[in-house]
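# Examining the three-dimensional arrangement
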Amino acid sequence: MARQLPIEIFMPPNILKAKVGGHGGLDMAAIRRAEAAVQELKCEFRGWAAEELKKLGTARDRYAKGGGTAGRAALSRAAHDLKGHAASFDFPLIGHIAASLARLLNETRLNAQLPTGLVDAHVDAAQVIFRENITDGNEITRLLYTELNARVTQALGASP
């Protein structure tokens, strides 16, 4: 029988804990500072949202004028950016509308023509929600989003 070596256990140092501090609690002062910084930035959210919506509208216009693959890529990029940023800008409904548009763009074959009226409906809905400053859902916006999503599903089912 072979002689067994003793087992040695090695515990690597926890470098992250040493850098962060071992107290383990949350730094409430840091959290308050972060919340104050976000409140200061909120006044800029509307301007940033307006810029994102302008990019979306410009991309839609470019695609509608025969922008081809490049126009469609710009439209997709603008929809995805808006989908990701809208909730941060206090416009979660615009994020839902942009997500529906992004779904249409992602799931439609690249060489297939997008239903222009449906793309327009998404862009126009996002712009109205922004213009009317609708930041929380109501029955009308819920119905609008539901209808747009249903139309996207219908369009995707019809595309070969």
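Structural notes, computed from the coordinates.

With 33 residues, the main nonpolar core has Leu56, Leu75, Ile94, Leu101, Leu104, Leu114 and Val119 as its most contacted residues. Residue assignment for this core shows that the elements contributing at least two residues are helix H2 (28-64), helix H3 (68-85), helix H4 (92-107), helix H5 (116-131) and helix H6 (139-158). Here this core gets eight residues from one element, more than from any other, and that element is H4. Excluding residues within four positions of it along the chain, Leu104 makes contact with Leu114, Pro115, Leu118, Val119, Val152, Ala155 and Leu156.

This part is about H5. Over its 16 residues, H5 extends 22 Å from the first C-alpha to the last, a length consistent with the 22 Å expected when each residue adds 1.5 Å. Along H5, the residues classified as buried are Leu118, Val119, His122, Val123, Ala125, Ala126, Ile129 and Phe130. Angular distribution of buried residues about the axis of H5 spans 155°; they occupy a single face of the element. Pointing more than 90 degrees away from the buried face of H5 are the exposed residues Gly117 and Arg131. Once H5 finishes, Asn133 follows within two positions and takes phi at roughly 55°, a positive value.

As for its placement among the helices and strands, Arg72 is situated in helix H3. Buried within the structure, Arg72 lacks any salt-bridge partner; its nearest side chain of opposite charge belongs to Glu107, at an N-O separation of 10 Å. A polar atom in the side chain of Arg72 sits 3.2 Å from the backbone oxygen of Ala112. Setting aside anything within four residues of it in sequence, one finds Arg72 in contact with Tyr63, Leu105, Thr108, Arg109, Leu110, Ala112 and Leu114.

Right, let's talk about unusual backbone geometry for a bit. A positive phi angle, near 70°, is found at Asp90, a position not held by glycine. In this structure, Asp90 sits in the loop between H3 and H4. The backbone of Asn133 shows a phi angle near 55°, a positive value even though the residue is not glycine. Its place among the elements puts Asn133 in the loop between H5 and H6.

A separate point is the packing of H4 against H5. Taken N-terminus to C-terminus, the directions of H4 and H5 make an angle of 170°; their axes are 9 Å apart at the nearest point. Taken as axis vectors, H4 and H5 run roughly antiparallel relative to one another. The element H4 and its partner H5 pack so that their crossing is left-handed. Touching Leu93, Ile94, Ile97, Ser100, Leu101 and Leu104 of H4 are Leu118, Val119, His122, Val123, Ala125, Ala126, Ile129 and Phe130, all from H5. Within the contact of H4 with H5, the residues separate by chemical class into 12 nonpolar, two polar and no charged.

According to the stated counting rule, one finds eight salt bridges in the structure shown. In this structure, Glu52 and Lys55 form a salt bridge, with 4.0 Å as the shortest nitrogen-oxygen distance. Residue Glu52 and its partner Lys55 are located together in helix H2, separated by three residues, close to a single helical turn. For Lys55, a relative accessible area of 46% gives the class partly exposed. One salt bridge connects Glu107 with Arg103, and the closest N-O pair in it is separated by 3.9 Å.

About the criteria used
- Residues numbered from 1 in each chain as written.
- Predicted model: local features only at pLDDT ≥ 70, side-chain atom pairs only at ≥ 80, totals over all residues.
- Heavy atoms only, no water.
- Core = buried A, V, L, I, M, F, W, Y, C linked by side-chain atoms within 4.5 Å.
- Buried < 20%, exposed > 50% of the residue type's maximum accessible area, 1.4 Å probe, protein only.
- Helix = DSSP H or I, 4+ residues; strand = E, 2+ residues; numbered from the N terminus.
- Contact = heavy atoms within 4.5 Å.
- Expected span 1.5 Å × (residues − 1).
- Arc of directions from axis to C-beta.
- Lys, Arg positive; Asp, Glu negative; His and termini not counted.
- Salt bridge = Lys/Arg side-chain N within 4 Å of Asp/Glu carboxyl O.
- Polar contact = N/O pair within 3.5 Å; in protein donor to acceptor, adjacent residues only side chain to side chain.
- Axes fitted to C-alpha atoms, helices over the stretch in contact; angles between N-to-C directions.
- Parallel < 35°, antiparallel > 145°, perpendicular 65-115°, else oblique.
- Left-handed = near helix turned anticlockwise from the far one by under 90°.
- Nonpolar A, V, L, I, M, F, W, Y, C, P; charged D, E, K, R; others polar.

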